[in-house]
Amino acid sequence: DFLFPFSLELDSEKKTLTVLKRNWFVLGVDTKSFNFGQIRNVLVDEHLLTASLTIRVYAGKIECHWLSKADANKFKDALMATRGNAGDGGGVFLE
């Protein structure tokens, strides 16, 4: 949502992805954390002005909307860098 934007945090040391979103009551933040082994794939969908990310995990999927195209591409590049460094086979697959 434009009024309640998403925030994505990628921690390559702990190998976790954290998704934060302001909830509808505007007083708190909803947080979901996943390790890299739970992530199945990431789809970047670029629109005319913004971009959307769909992150598929084993528990379902997370959709992040209203991201700037530059932020979406930076996130994709960061995931590719962590995938290249993952020596334990717990990498991230991008479509």
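Treat the numbers as computed from the prediction; the structure is a model and nothing was measured. (Residues numbered from 1 in each chain as written. Predicted model: local features only at pLDDT ≥ 70, side-chain atom pairs only at ≥ 80, totals over all residues. Heavy atoms only, no water.)

1. A look at the side chain of Thr54
Item 1. Within the secondary structure layout, Thr54 lies in strand E5 (residues 50-57).
Item 2. In this structure, Thr54 is in contact with Asn41, Val42, Leu43, Lys61, Ile62 and Glu63, ignoring residues within four places of it in sequence. (Helix = DSSP H or I, 4+ residues; strand = E, 2+ residues; numbered from the N terminus. Contact = heavy atoms within 4.5 Å.)

2. Focus: the nonpolar core
For soluble globular proteins, the rule of thumb is that nonpolar side chains tend to be buried together.
Item 1. Counting 15 residues, the largest nonpolar core has Ile39, Ile55 and Cys64 as the members making the most contacts within it.
Item 2. Among the elements of the structure, strand E2 (16-22), strand E4 (39-46), E5, strand E6 (60-68) and helix H1 (69-85) are those that each provide at least two residues to this core. (Core = buried A, V, L, I, M, F, W, Y, C linked by side-chain atoms within 4.5 Å. Buried < 20%, exposed > 50% of the residue type's maximum accessible area, 1.4 Å probe, protein only.)

3. What to know about the sheet that holds E5
Item 1. Taken together, three strands build an open sheet; the order of strands is E4-E5-E6 and the sheet is antiparallel. Two strands bound the open sheet, and with one partner strand each, they are E4 and E6. Taken over all neighbouring pairs, the strand axes of this sheet differ in orientation by 15 degrees on average, direction set aside. (Pairing = 2+ DSSP bridges. Axes fitted to C-alpha atoms, helices over the stretch in contact; angles between N-to-C directions.)

Scope: geometric values only; no functional claims are made or implied.
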